[in-house]
Amino acid sequence: MPPIVCALALGVSQAYADTDADARATNPPAADRSAAAYDAQQHDALIVARRAGRITPAEALQQLNAWLAAPLDDAQRRRVASDAVSIAAGDGRFAEAVALGRRFPPAQLLDYALGPLTVAARRTRDLALQGETIAAWRARQPASRDARIHEAFWHLDSGDVAGAEALYRALSQPAPADAADRIALLELRGAVARAGGDTLQALAAYTASSALQPGRADARREADLVLAAGGAASTAFDDAEAAERAHPGTFSALSLSTLQQQALAQRLRWAVQDRDERMGPSRTTSLDRVLADQDAALARLDAAAANAGPADAEAWRTVRIRLQADRMLALVERGRPADAIALYDTLRATGAELPPYGLAAAARAFAQERRSIDAVPLYEAAIARAGADLPMPDEIHFGLVYAYQDTGRFEEAEALLQRIEAATPAFLRLAPEARRPNAQYTDVSGMRGLLTLYGNRPALAQQRFATLTDEAPLNAGYAYGAALTERLRDHPEAALARFEAQAANQPFDISARAGHVEALMDAGEFAEARRRAESLEADAPDAAEVRDLARKRRAITGAQLEIDAGASTGGAAIADREWRLDSRLSSGLIDDQWRVFYDQSLGRGDTAIGDANRARGGLGLAWQRGRWLAEGEVQRANTGPYRTSVAGRVDYRAGDAWRLSATYDGDSKELPWKAQVTGVGAREAGASVGYVVDESRRFDLKWKQLDFSDGNLRNGLDLSWSERWISTPRFQLETRLGADASRSRAQDVAYFSPSSDASAQLSVRAQWLNWKRDDRQFFQAVEIGGGGYRQAGFGTGALWSVRYEHRWNLGPRMTLRYGVSISAHPYDGVRERQRGVFLNLSTPLQ
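What counts as what
- Residues numbered from 1 in each chain as written.
- Predicted model: local features only at pLDDT ≥ 70, side-chain atom pairs only at ≥ 80, totals over all residues.
- Heavy atoms only, no water.
- Helix = DSSP H or I, 4+ residues; strand = E, 2+ residues; numbered from the N terminus.
- Rg over C-alpha atoms; globule rule 2.2 N^0.38 Å.
- Buried < 20%, exposed > 50% of the residue type's maximum accessible area, 1.4 Å probe, protein only.
- Contact = heavy atoms within 4.5 Å.
- Areas by Shrake-Rupley, 256 points an atom, 1.4 Å probe, with all protein chains shown as cover.
- Lys, Arg positive; Asp, Glu negative; His and termini not counted.
- Charge placed at Lys NZ, Arg CZ, Asp CG, Glu CD.
- Salt bridge = Lys/Arg side-chain N within 4 Å of Asp/Glu carboxyl O.
- Expected span 1.5 Å × (residues − 1).
- Patch = residues over 30% accessible without salt bridge, like charges linked within 9 Å, V, L, I, M, F, W, Y side chains within 5 Å.
- Pairing = 2+ DSSP bridges.
- Core = buried A, V, L, I, M, F, W, Y, C linked by side-chain atoms within 4.5 Å.
- Phe/Tyr/Trp six-rings, centres within 6.5 Å; stacked < 30°, edge-to-face > 60°.
- Lys NZ or Arg CZ within 6 Å of the ring centre and 35° of its normal.
- Polar contact = N/O pair within 3.5 Å; in protein donor to acceptor, adjacent residues only side chain to side chain.

A. Up close: the overall build of the chain. Broken down by element type, the chain carries 29 helices and 16 strands. Against the compact-globule benchmark of 28 Å for 846 residues, the chain has a radius of gyration of 41 Å, which places it well outside the compact range. When the backbone C-alpha atoms are referred to their principal axes, the chain occupies close to 140 × 65 × 45 Å. Counting the 846 residues in the chain, one finds 46% classified as buried. Expressed as a percentage of contacts within the chain between residues at least 6 apart in sequence, the contacts between residues at least 24 apart total 55%. As displayed, the chain offers around 39000 Å² of accessible surface, 54% of which is attributable to carbon and sulfur atoms. Within the chain, the 110 negative side-chain charges are centred at a point lying 3 Å from the centre of the 103 positive side-chain charges.

Shown next as structure tokens:
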């Protein structure tokens, strides 16, 4: 607790006036007398000269210290030491006074020096010397009210508020009549009230003290300190600066810097509130002013601290650290997390011990920079350092829950959320009336829903948000969670409807507006998404959600590279060895709907009847708008009867459930290698219809036709059902049940072409999350399939496959998959085993 000093405690400049100097000689000592032997008359003259202002305290102390270094008897040493302590304390040289008090303990000092030494010990926070001096004072003058008042302040400095309050009550009964005594008691009452957290009573005491003796700087100073502690720091600092200009010396440089730090911290809170109530360029004006004033305050603090004594070095350091912690928080709120991290790294390098809110600000900066692995220990340290002073729940707890989630520490996130829920009842426990709703309960309920959704349990999240939105249909957080759930459940139309409704109800909600833009992009409405995104960026460019949205939008609408490669051996019916490499380079969106792309397909197959190389390039144009996607390209191959051809596709999303598609390729990439060896080509046509229940269940029916240049025609039909059965943060299990059948017109050809065949297969895929850092993840997956294959003329045989893969999600729209596979399939009655490797890469180019 900072020193709370009453007028009596600060009046040490007159302490040495209590000596009998008036009865002593009046000749001032010469400047060169410091080395002379001690003389009582010279001592008397020194005191008179100091009182008259003819010599400075430094000159007086120089002479007194010179005498202390010379041989003195006990009486002389006590008097010289007592005057040295009194003059040093009266001049504000508290460290020097304490050093003298350590050298000459209170028992060796005269009575008039005990008060000044008590003040000096208090100002240097030397509790031991302060207590020792007061004990000596009280032993010599048991009835002294001054000593008892100082004793009360010592109790306060020691953390014993009850002891100080007991002394105050004893001293105030009966009420003193002397004005100075009343003033001292009022200031003690203010200090006790302030220590007990009773700001109003403390302010009343200091106001009454000023009324008894108007113009007293120390009373005004204490009133301003109370104002600052009571939530009026900005007013207190303005008042203190005015007082210091009017009466220099009213406030110490340390007190002014402390008040300025507190005032700027309060202005920062106001600036954040002001920002949250505004949109547009003026949104951050107040924050920018706070940042500029923080720079000025740091410069002022550093200049004053450079001239400060060593006794206050730690206090200056504390104020500077808090000011820089405030600046770090201001940078985060201003949308400059990288600058906040740089400041944190600087502070950490100096060994600064940040307050809890400073650690939390650094954690937020790391989280916004998608470095949650660095945010977690800072959040944990902030909670540990705050201890019991941190209420549950606090924003720090919420931040830590999400940081745990973003680093794959799902169990710890769940445990902390359960603690938060236990500490957040639906109704306030202490309220003027029963069953008053707890506002934080709403936030915690929404967090539970979001955490369920982010934990890959969308069905449960949908149930939770359905219940919450029924109970509070206008709650912005619940509405956002319900709309986001629809997005992640692969229901773009339902998500858009929810976000559009929320835009009508909460038009300025930043999270909802960002979610609306993402839903528009999911639905292919890129023009409207761009307009809304630009509006949002103009309204709130500093918001973390807006910066994150801009990053995602660049990835989705920018240029894209996709690579699909594979190689295998062992399938003699198809090829003894083969490899392929398909790639597509797409431009960014043009006019919110067009893309230019270039396709490249390379491959080679080694067969028993010869080898074949395939190279084909194509230049195309894609158009996407709303539910429609259409592509067309002109392509050229290195060989075959259809070397120059065209290809195209049309996709249509008929609502959230139905997906329709039609494709055509004038030079099919599905052409068997043996067909190419013999100079045969094929055109391919296809159509499909899909029924999407949600992200965990889907049914597809596909038709495909290969029209070979040798007159052969193959038609195939495929029906599949995909289902995800288990979905947790770390593990997913899904199955695919499929059946297909095909017929071929000709069998007397060099390539595999059965008159009819059919198969049925069930595959089970298990996927584990092994690593997660924000939007980057690493998965391992195993897929096992088995079933039967029937070929006309050869009966039915078993087929099976095993596939192992790694998948990396490395940010928005950037994925890398690779792995190995082994499978067995009967062809013409002969079981063939094929081994392969594969790689898929999709990455944005800006």
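B. Expanded view of the pattern of salt bridges. Within the structure shown, the criterion is met by 60 salt bridges. Measuring nitrogen to oxygen at the nearest pair gives 2.9 Å for the salt bridge that ties E528 to R531. In this pair, E528 and R531 both sit in helix α27 (residues 526-539), three residues apart, roughly one turn of the helix. R531 sits in the partly exposed class, given a relative accessible area of 45%. One salt bridge connects R604 with D606, and the closest N-O pair in it is separated by 3.1 Å. Classification of R604 by relative accessible area gives partly exposed; the value is 26%.

C. Examining helix α19 (residues 372-386) more closely. The end-to-end C-alpha distance of α19 is 21 Å, a good match for the 21 Å that 15 residues give at a rise of 1.5 Å each. Buried positions along α19 lie against α17 (337-349), α18 (356-368) and α20 (395-406). Once α19 finishes, G387 follows within two positions and takes phi at roughly 60°, a positive value.

D. A look at a nonpolar patch on the surface. There is a patch of nonpolar side chains on the surface, built from W658, Y691, F699, W721, W725, I726, L737, L762 and V764 and spanning about 820 Å² of accessible area. Sorting the residues of the nonpolar patch by element identifies β10 (713-727) and β12 (756-773) as the ones contributing at least two each. Top contributing element to the nonpolar patch by residue count: β10, with three residues. One can find W721 in strand β10. On the basis of relative accessible area, W721 is assigned to the partly exposed category, the value being 32%.

E. Layout of the environment of L129. Mapped onto the secondary structure, L129 falls in helix α7 (residues 127-140). Overall, the relative accessible area of 0% leaves L129 in the buried class. Separated by 590 residues in the primary sequence, L129 and L719 place their C-alpha atoms 90 Å from one another. Among residues more than four places away in sequence, those in contact with L129 are V98, G101, R102, P106, L117 and A121.

F. A look at the pairing of strand β1 (residues 560-571). With 11 bridges connecting them, β1 and strand β2 (residues 575-586) associate as antiparallel partners. Within β2, the position partnered with T569 by the bridge is R577. Taking the residues between adjacent antiparallel strands as the criterion, β1 and β2 are bridged by three residues. Inspection of the sheet shows β1 paired to strand β16 (residues 830-844) by 10 bridges, in the antiparallel sense. Across the sheet, Q560 pairs through a bridge with P844, a residue of β16.

G. Just the nonpolar core, in detail. Within the largest apolar cluster, 46 residues are counted, with the highest numbers of intra-cluster contacts made by M328, Y344, L354, L378, Y379 and V401. Per-element tally for this core: the top contributor is α18, with seven residues. Contacts of V401, omitting those with residues within four sequence positions, involve A413, L416, L417, I420, M447 and L451. Core analysis: the next-biggest nonpolar cluster, separate from the first, contains 34 residues, I87, A88, A89 and L117 among them.

H. Quick peek at the packing of aromatic side chains. In the structure shown here, the tally under the stated rule is 13 aromatic pairs. Ring centres of W594 and W623 lie 6.5 Å apart, and the angle between their planes is 50°; this geometry places the pair in the tilted category. Here W594 is found in strand β3 (residues 594-607), whereas its partner W623 is found in strand β4 (residues 610-625), with 29 residues between them in sequence. Classification of W623 as partly exposed rests on a relative accessible area of 24%. Aromatic ring contacts, followed pair by pair, group F699, W721 and W725 into a single cluster. Sitting over the face of the ring of W673, R614 holds its NZ or CZ atom 4.7 Å from the ring centroid. A cation over a ring is seen here: R803 above F838, with NZ or CZ 3.7 Å from the ring centre.

I. Structural detail: α20. The terminal C-alpha atoms of α20 lie 17 Å apart, and with 12 residues this matches the ideal 16 Å at 1.5 Å per residue to within 8%. In terms of residue burial, α20 counts as a mostly covered element, since nine of its 12 residues are buried. Within α20, burial applies to I396, H397, F398, G399, L400, V401, A403, Y404 and Q405. Buried residues belonging to α20 abut α18, α19, α21 (410-422), α22 (439-454) and β12. The backbone nitrogen of I396 has a side-chain oxygen 2.9 Å away, supplied by the residue at the start of α20, namely D394.

J. Representation of unusual backbone geometry within the structure. The step from M392 to P393 runs through a cis peptide bond, and the omega angle for that step is 5°. Positive phi, close to 65°, is recorded for D592, a residue that is not glycine. Secondary-structure assignment places D592 in the loop between β2 and β3. Unusually for a residue other than glycine, D774 sits at a positive phi of about 60°. Relative to the helices and strands, D774 is located in the loop between β12 and β13 (776-791). Its relative accessible area of 9% is what places D774 among the buried residues.

K. Geometry of the pairing of strand β5 (residues 628-637). Relative to β5, β4 runs antiparallel, the two sharing 10 bridges. Looking at β5, one finds that W623 is bridged to A630. Note that β5 and strand β6 (residues 644-654) share nine bridges and pair antiparallel. Its bridge partner lying in β6, V634 is registered against V646.

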